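This is what each chain is made of:
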Number of protein chains: 2
Amino acid sequence: MEGFKLFLAFFVSALLLGFLSVVFALVWVLHYREGLAWNGDLAEFNWHPVLIITGFVFIQGIAIIVYRLPWTWKCSKFLMKLIHAGLHTVALTLAIISLVAVFDFHNAKKIPNMYSLHSWIGLTAVILYALQLVLGLLVFLLPIASTSLRTIVMPIHVYSGLLLFGSVIATALMGITEKLFFTLKENPSYSSSPEEAIFVNVLGVLIVAYGAVILWMATRPHWKRPLEYIFQTHERIGEGLSDDDCHSPDLEFNSDAAARKRSPKSDEAGQRSAM
Amino acid sequence: MEGFKLFLAFFVSALLLGFLSVVFALVWVLHYREGLAWNGDLAEFNWHPVLIITGFVFIQGIAIIVYRLPWTWKCSKFLMKLIHAGLHTVALTLAIISLVAVFDFHNAKKIPNMYSLHSWIGLTAVILYALQLVLGLLVFLLPIASTSLRTIVMPIHVYSGLLLFGSVIATALMGITEKLFFTLKENPSYSSSPEEAIFVNVLGVLIVAYGAVILWMATRPHWKRPLEYIFQTHERIGEGLSDDDCHSPDLEFNSDAAARKRSPKSDEAGQRSAM
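Procedures and definitions
- Residues numbered from 1 in each chain as written.
- Chains lettered and ligands numbered in written order.
- Predicted model: local features only at pLDDT ≥ 70, side-chain atom pairs only at ≥ 80, totals over all residues.
- Heavy atoms only, no water.
- UniProt positions renumbered as here; feature names shortened; annotations may be inferred.
- Helix = DSSP H or I, 4+ residues; strand = E, 2+ residues; numbered from the N terminus.
- Axes fitted to C-alpha atoms, helices over the stretch in contact; angles between N-to-C directions.
- Parallel < 35°, antiparallel > 145°, perpendicular 65-115°, else oblique.
- Left-handed = near helix turned anticlockwise from the far one by under 90°.
- Contact = heavy atoms within 4.5 Å.
- Nonpolar A, V, L, I, M, F, W, Y, C, P; charged D, E, K, R; others polar.
- Phe/Tyr/Trp six-rings, centres within 6.5 Å; stacked < 30°, edge-to-face > 60°.
- Buried < 20%, exposed > 50% of the residue type's maximum accessible area, 1.4 Å probe, protein only.
- Lys NZ or Arg CZ within 6 Å of the ring centre and 35° of its normal.
- Patch = residues over 30% accessible without salt bridge, like charges linked within 9 Å, V, L, I, M, F, W, Y side chains within 5 Å.
- Areas by Shrake-Rupley, 256 points an atom, 1.4 Å probe, with all protein chains shown as cover.
- Salt bridge = Lys/Arg side-chain N within 4 Å of Asp/Glu carboxyl O.
- Polar contact = N/O pair within 3.5 Å; in protein donor to acceptor, adjacent residues only side chain to side chain.
- Expected span 1.5 Å × (residues − 1).
- Core = buried A, V, L, I, M, F, W, Y, C linked by side-chain atoms within 4.5 Å.
- pLDDT = per-residue confidence, 0-100.

Take the UniProt feature "domain: Cytochrome b561" (unreviewed entry) in chain A next. The feature "domain: Cytochrome b561" (unreviewed entry), as given by UniProt, occupies residues 13-219 of chain A in the numbering adopted here. Helix and strand shares over residues 13-219 of chain A are 78% and 0% respectively, and the end C-alpha atoms of the span are 16 Å apart.

What follows deals with the UniProt feature "transmembrane region" (unreviewed entry) in chain A. Listed under "transmembrane region" (unreviewed entry) in the UniProt record, and renumbered for this structure, are residues 7-30, 50-70, 82-103, 123-144, 156-177 and 197-218 of chain A. Here residues 50-70 of chain A runs as 76% helix and 0% strand, with 30 Å between its end C-alpha atoms.

Put simply, helix 6 (residues 147-183) of chain A and helix 6 (residues 147-183) of chain B touch, their axes get as near as 9 Å, and they point 25° apart. In terms of orientation, helix 6 of chain A and helix 6 of chain B fall into the roughly parallel class. Helix-helix and strand crossings are classified by hand; for helix 6 of chain A and helix 6 of chain B the assignment is right-handed. Residues A:Ala170, A:Leu173, A:Met174, A:Thr177, A:Glu178, A:Phe181 and A:Phe182 of helix 6 of chain A form the contact with helix 6 of chain B, whose own contacting residues are B:Ala170, B:Leu173, B:Met174, B:Thr177, B:Glu178, B:Phe181 and B:Phe182. Of the residues assigned to the contact of helix 6 of chain A with helix 6 of chain B, the class counts are 10 nonpolar, 2 polar and 2 charged.

Here we come to the packing of aromatic side chains. In this structure the tally under the stated criterion is 32 aromatic pairs over all chains. With centroids separated by 5.7 Å and ring planes inclined at 75°, the aromatic side chains of A:Phe58 and A:Tyr210 adopt a geometry described as edge-to-face. Of the two residues, A:Phe58 is situated in helix 3 (residues 47-65) and A:Tyr210 in helix 7 (residues 195-218); the sequence distance between them amounts to 152 residues. Here the aromatic rings of B:Phe165 and B:Tyr210 are separated by 6.3 Å at their centres, their planes lie at 70°, and the arrangement is edge-to-face. In this pair, B:Phe165 sits in helix 6 while B:Tyr210 sits in helix 7 (residues 195-218), placing the two residues 45 residues apart along the sequence. Overall, B:Tyr210 belongs to the buried group, its relative accessible area being 1%. By way of ring pairs, the aromatic residues A:Phe7, A:Phe10, A:Phe11, A:Trp71, A:Trp216, A:Trp223 and B:Tyr159 are connected into one cluster. The lysine or arginine in question, A:Lys77, covers the ring of A:Tyr67, its NZ or CZ lying 5.3 Å from the ring centre.

The next thing to look at is a nonpolar patch on the surface. A cluster of nonpolar side chains, contributed by A:Leu128, A:Leu131, A:Val134, A:Leu135, A:Leu138, A:Leu142 and A:Ile144, occupies part of the molecular surface with about 630 Å² of accessible area. Its location among the elements puts A:Leu138 in helix 5 (residues 117-141).

Residue and element names in this part refer to chain B. Topologically, His84 is positioned in helix 4 (residues 77-108). According to the relative accessible area criterion, His84 is buried, its value standing at 14%. Side-chain polar atoms of His84 contact the backbone oxygen of Ala63, separated by 2.7 Å. Setting aside its immediate chain neighbours within four residues, His84 contacts Ala63, Ile64, Val66, Tyr67 and His157.

In total, this model carries 6 salt bridges over all chains according to the counting rule given. The shortest N-O distance in the salt bridge between A:Glu34 and A:Arg33 comes to 3.5 Å. Looking at A:Glu34, the relative accessible area reads 34%, which means it is partly exposed. The partner of B:Glu196 in a salt bridge is B:Arg33, with the nearest N and O atoms 2.9 Å apart. Of this pair, B:Glu196 sits in helix 7 while B:Arg33 sits in the loop between helix 1 (4-32) and helix 2 (42-45); the two residues are 163 residues apart in sequence, bridging distant segments of the chain.

A few words now on helix 7 of chain A. Taking 1.5 Å of rise per residue, 24 residues should cover 34 Å, and helix 7 of chain A covers 35 Å from first to last C-alpha, within 8% of that figure. With 18 of its 24 residues buried, helix 7 of chain A lies for the most part within the structure.

In this section: the nonpolar core. In terms of nonpolar packing, the biggest core is built from 130 residues, with A:Leu203, A:Tyr210, B:Leu203 and B:Tyr210 touching the most fellow members. Not counting residues up to four positions away in its chain, the partners in contact with A:Tyr210 are A:Ala14, A:Leu17, A:Gly18, A:Val57, A:Phe58, A:Gly61, A:Ile62 and A:Phe165.

Okay, the confidence of the model for chain A next. Residue and element names in this part refer to chain A. On average, residues of chain A score 86 in pLDDT, and 82% of them reach the 70 mark or higher. Here residues 229-275 is a poorly scored stretch, pLDDT under 50, and it has 132 contacts once near neighbours within four places are set aside; other chains count. Interface confidence for the predicted complex, expressed as ipTM, amounts to 0.86; the pTM equals 0.86.

Moving on to unusual backbone geometry. Of the consecutive residues A:Asn187 and A:Pro188, the connecting peptide bond is found in the cis state with omega at -5°. Locating A:Pro188 in the fold gives a position in the loop between helix 6 and helix 7. One non-glycine residue, A:Ser193, adopts positive backbone phi at about 50°. You can see A:Ser193 is positioned in the loop between helix 6 and helix 7. Here A:Ser193 falls in the partly exposed class, since its relative accessible area comes to 30%. Positive phi outside glycine occurs at B:Met114, with the angle close to 60°. Here B:Met114 lies in the loop between helix 4 and helix 5 (117-141). Take B:Met114: its relative accessible area is 30%, and that puts it in the partly exposed class.

Here the focus is the packing of helix 5 of chain A against helix 7 of chain B. Helix 7 of chain B packs onto helix 5 of chain A with a crossing angle of 45° between their chain directions and a minimal axis gap of 9 Å. Of the possible angle classes, the one that applies to helix 5 of chain A and helix 7 of chain B is oblique. Relative to helix 7 of chain B, the crossing made by helix 5 of chain A is right-handed. For the pair helix 5 of chain A and helix 7 of chain B, the contacting residues are A:Leu117, A:Trp120 and A:Ile121 in the first and B:Ile198, B:Asn201, B:Val202, B:Gly204, B:Val205 and B:Val208 in the second. Here the residues of the contact of helix 5 of chain A with helix 7 of chain B are counted per class, giving 7 nonpolar, 2 polar and no charged.

The structure is reproduced here in structure tokens:
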């Protein structure tokens, strides 16, 4: 792998930032707030930030870069797809449980649901994430989609995945903002910068830094899973297939030469190499 | 250009979404809020969302995709760089004026500055954006940087630009959230979903949609400014230079063959093609 040490530094940083974010979320609700419980009260609401940051931020980020880990390159692509989809499923499950906690708390306290921008964008992200997961399973994991369909869908899948990840982080920042203004109204107020406010602001910064590291790792083409099959010729440099394009996801199921030798001029191949 | 009609559809959508966002911001402050003035009162604060959405969201987005517009491909790359840098400078200027409005309002009303997560991430984004602009001028616009330095910096420049754009949108969403909770406390409260709340939530959704369209356009390799010089050979497919790499920004100043024929194996070239 080119730049392996640098990759390792980024990967360790991602793990540290993600792990720290989860620890900060736990300290926030356990030390500064009402703890965790499933009782229709604030302690039930508190599952929301903990599960979102654990699942929808940390685990989603790891799911995104799982193909990049060089020590997994000996594993079959099919196994890696299972791990990729599995981690995303865990992330989605935790996100759904965290939504149930909020709705349950709101209903118990007769607080309206779905009125804030945070809730609008957050619920949309969860729905689109579930759709992305189902479409990913149908197109890339199950042996039913044609090579050409996979080639068309791949750039959209990659773009949507990264966009959803960014949107989830933006939504988490809105959620942190909401919660701090709700809870730190007076004595102390948020604007007086009490210890809790500083602590949770730092949590927000950690989440942004985690997102930045994951997005850097995910968009470095030379850190992709390497080629298994190298074209001997192609017609136009600058639209050449990237490593992952050549090692197409369909090859696990369809190893015919036509699939491997498909035109590197296609838009889709070029698009795939963008991520 | 491949897929010109689709490109046009995306570009028109971006313009519409960006323009609508600015209109929504204006309607928000002029119709629902205190209007615009420079008087140390809320009407001065209101310049903040208007200038951020106009400059730091809309104009920044257009600055990012300005190289993609096919009707500019006849222009010299140097002219396009001037336009790119010029638009970013306008965006930064409006962002700075919008910050002055907030600090001025806070100071007049004796409200503390820089306590919220919104302010932490927002000010960091403005500072990094200014740094990005200065570094961009020094490395890519002025004829002082070496080819190898430009090759190293380009992927970082592109990644930082897109990350900052995303961070600015996330910060805008936090700002909208803050402002709605501040202003819609009682009669009506935000949670009772009055007309203003729905209207401004829609503004948030428009901004996210605008960001999504810009990021799609910016990351499609086949929509890049085309090659001026095509390498006849390169050693490893999957790390081939993209269109913009071959039409390196340094070529405007340094047209020596060495620069054009630099190794397509370099990490940096591969990284550049990721955006």
